[in-house]
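One-letter residues, chain by chain:
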Amino acid sequence: MHTDGERGFVLHHYPYGETSLLLEAFTYAFGRVGIVARGARRAGRAFAGAPLRPFQPLLLTWAGRGELGTLVRAEAPEAAIEMKGNAVWCAFYVNELVLRLLHRHEAHADLYVAYDEVLRALADTDCQEGVLRIFEKRLLAGLGYGLALLRDARSGEAVRASASYRYILDEGPVVADDLSEGLVVKGATLIALARETFTVPEQLREAKQLLRAALAPLLGGKPLYTRRLFRSMQAPS
C-alpha cells in the first residue's frame, strides 16, 4: 500500500524504538492510521520541515502493509491551527475522543471534515462549550449512534420547546410525565442541539449531560484522561 499526499492530522505520537515515532493520525480517505516516522527523534531529521504534532494540517505519504505504515514524506500545506488558553485542552479532548472511538483503517470522511472544522472553531471562538457539543453530536452520528432530537420517540409528535422530556438512549426523547427512566432535558435544548445553535447556558448544560450519557457506553469504563486532567487543573489548591 502506498499513499501520496493524503490530508491528515497527527492525533498523538509515541516514542518507537530508539529514534523513531509512532504517529496516530486521522486522515480524510483512510480514517485513523498508525504510521512509523523512522528516525524522527534523531537530531536534524525532518520530513520536508513539517512538524509532526497535533493541530498541524499535513499532507502525508506513507507505504507498507499491515497495521502500521512507514512515513515517506510529510508536508505542511498551511500553518498550524493555533490554540490558546482553554482551547488547547478542548482540542486535546477532541483528539482523545477520536483516538478512543475510531478504529484504525475505517474511512470517516464526514467525521474528518467535522474534526477539521472543530479545531478551527476552537481556535476562533470564546464559546468552546457549544463547539464541543456540536462535534460530539456529529461524532455520534458518524459512528452510527446519532441522537433523535426533533420527535417524541413514542408519540411521533414534534418536540415542543416548552415541554420537558426524558431522553432514553435506545429510543429518544419521551414527554416526561411520570416516567422514571432517562435524563430530563428541555425541548428547547433538543431543538438547539439539532440546529447546532445554543442561545442560553441551560441548553449547553443539558446538552453536555445528554451527550456525556450517550458517549459513556462507547467509551466503556475507562475515564478520559483529558477530562480528569482539566478537572485537576481547575480544582482549588
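Scroll up to find the structure this text is about.
Definitions and cut-offs
Residues numbered from 1 in each chain as written. Predicted model: local features only at pLDDT ≥ 70, side-chain atom pairs only at ≥ 80, totals over all residues. Heavy atoms only, no water. Helix = DSSP H or I, 4+ residues; strand = E, 2+ residues; numbered from the N terminus. Buried < 20%, exposed > 50% of the residue type's maximum accessible area, 1.4 Å probe, protein only. Contact = heavy atoms within 4.5 Å. Areas by Shrake-Rupley, 256 points an atom, 1.4 Å probe, with all protein chains shown as cover. Lys, Arg positive; Asp, Glu negative; His and termini not counted. Charge placed at Lys NZ, Arg CZ, Asp CG, Glu CD. Expected span 1.5 Å × (residues − 1). Salt bridge = Lys/Arg side-chain N within 4 Å of Asp/Glu carboxyl O. Phe/Tyr/Trp six-rings, centres within 6.5 Å; stacked < 30°, edge-to-face > 60°. Lys NZ or Arg CZ within 6 Å of the ring centre and 35° of its normal. Core = buried A, V, L, I, M, F, W, Y, C linked by side-chain atoms within 4.5 Å.

Peer 1: What is the right way to look at the overall build of the protein in this model?
Peer 2: When helices and strands are counted, the protein shows 6 helices and 8 strands. Starting at the N terminus and ending at the C terminus, the protein contains elements arranged as β-β-β-β-β-α-α-α-β-β-β-α-α-α. For the protein, the C-alpha atoms occupy an extent of roughly 65 × 45 × 30 Å along the three principal directions. Expressed as a percentage of its 237 residues, the buried residues of the protein come to 44%. Relative to all contacts within the protein whose residues are 6 or more apart in sequence, the contacts with residues 24 or more apart total 55%. As presented, the protein carries roughly 12300 Å² of accessible surface, and 51% of it is formed by carbon and sulfur atoms. When the 29 positive and 27 negative side-chain charges of the protein are each reduced to one mean point, those points stand 6 Å apart.

Peer 1: What's the story with helix α3 (residues 128-142) in this structure? I'm lost.
Peer 2: Think of an α-helix as turning once every 3.6 residues; residues three or four places apart then point the same way. When the terminal C-alpha atoms of α3 are compared, their 21 Å separation across 15 residues agrees well with the 21 Å that a helix rising 1.5 Å per residue should span. Here α3 lies mainly inside the structure; 11 of its 15 residues are buried. For α3, the complete set of buried residues consists of Gln128, Gly130, Val131, Leu132, Arg133, Ile134, Phe135, Glu136, Lys137, Leu139 and Leu140. In this structure, the buried side of α3 is in contact with α1 (86-101), α2 (109-122), α4 (187-195) and α5 (201-219).

Peer 1: Just checking my understanding: could you explain the pattern of salt bridges for this structure?
Peer 2: Close approach of charged atoms allows side chains with opposite charge to pair. What the rule picks out here adds up to 17 salt bridges. One salt bridge in this structure joins Arg138 and Glu196, with 2.7 Å as the shortest N-O distance. Taken together, the residues span a long stretch of sequence, with Arg138 in helix α3 and Glu196 in the loop between α4 and α5 at a distance of 58 residues. Where Arg154 meets Glu171, a salt bridge forms, and the shortest distance between an N and an O atom there is 3.0 Å. On the criterion of sequence distance, the pair formed by Arg154 in the loop between α3 and β6 (164-168) and Glu171 in the loop between β6 and β7 (172-175) is long-range, its members being 17 residues apart. Judged by its relative accessible area of 38%, Glu171 falls in the partly exposed class. Connected via shared salt-bridge partners are Glu24, Arg32, Glu67 and Arg104.

Peer 1: Explain the packing of aromatic side chains to me, please; I cannot follow it from the model alone.
Peer 2: Geometry of an aromatic ring pair is reported as the spacing of the ring centres plus the angle between the planes. For the structure shown, the criterion picks out 7 aromatic pairs. Considering the side-chain rings of Phe9 and Tyr112, the 6.0 Å spacing of their centres and the 40° angle between planes classify their relative orientation as tilted. Here the residue Phe9 occupies a position in strand β1 (residues 6-16), and Tyr112 occupies one in helix α2, the gap between them amounting to 103 residues. Each member of the pair, Phe9 as well as Tyr112, is classed as buried. Judged by centre distance (5.3 Å) and plane angle (75°), the rings of Phe9 and Tyr115 are edge-to-face. A residue pair is termed long-range when its members are at least 10 positions apart, and Phe9 in strand β1 and Tyr115 in helix α2 qualify at 106 residues. Across this residue pair, the class does not change: Phe9 and Tyr115 are buried. An aromatic cluster is built from Phe9, Phe26, Tyr28, Tyr112 and Tyr115, whose rings are joined through pairwise contacts. Sitting above the plane of the Tyr28 ring, Arg7 keeps its charged end 4.3 Å from the centroid.

Peer 1: I tried to follow unusual backbone geometry on my own but got confused; where do I start?
Peer 2: Where the residue is not glycine, phi is negative for most of them; where a peptide bond is considered, it is trans in most cases. With a phi close to 75°, Phe55 is a non-glycine residue in the positive phi region. Within the secondary structure layout, Phe55 lies in the loop between β3 (31-37) and β4 (58-63). Looking at Phe55, the relative accessible area reads 8%, which means it is buried. In the Ramachandran plot, His105 falls in the positive-phi region, its phi being about 65° despite a non-glycine side chain. Structurally, the position occupied by His105 is in the loop between α1 and α2.

Peer 1: Help me understand the nonpolar core, please; the structure alone is not making it clear to me.
Peer 2: Generally speaking, soluble globular proteins have nonpolar side chains that are buried together. Ranked by internal contacts, the top residues of the largest apolar core, which has 49 residues, are Tyr115, Leu122 and Leu147. At the level of secondary structure, the elements contributing two or more residues to this core comprise β1, α1, α2, α3, β6, α4 and α5. Top contributing element to this core by residue count: α1, with 9 residues. The residues touching Tyr115, leaving out its near neighbours within four places in the chain, are Phe9, Leu11, Phe26, Val94, Asn95, Val98 and Phe135. Val10, Ala37, Phe47 and Ala50 belong to the second largest nonpolar core, which has 16 residues in total.

By themselves these figures say nothing about function.
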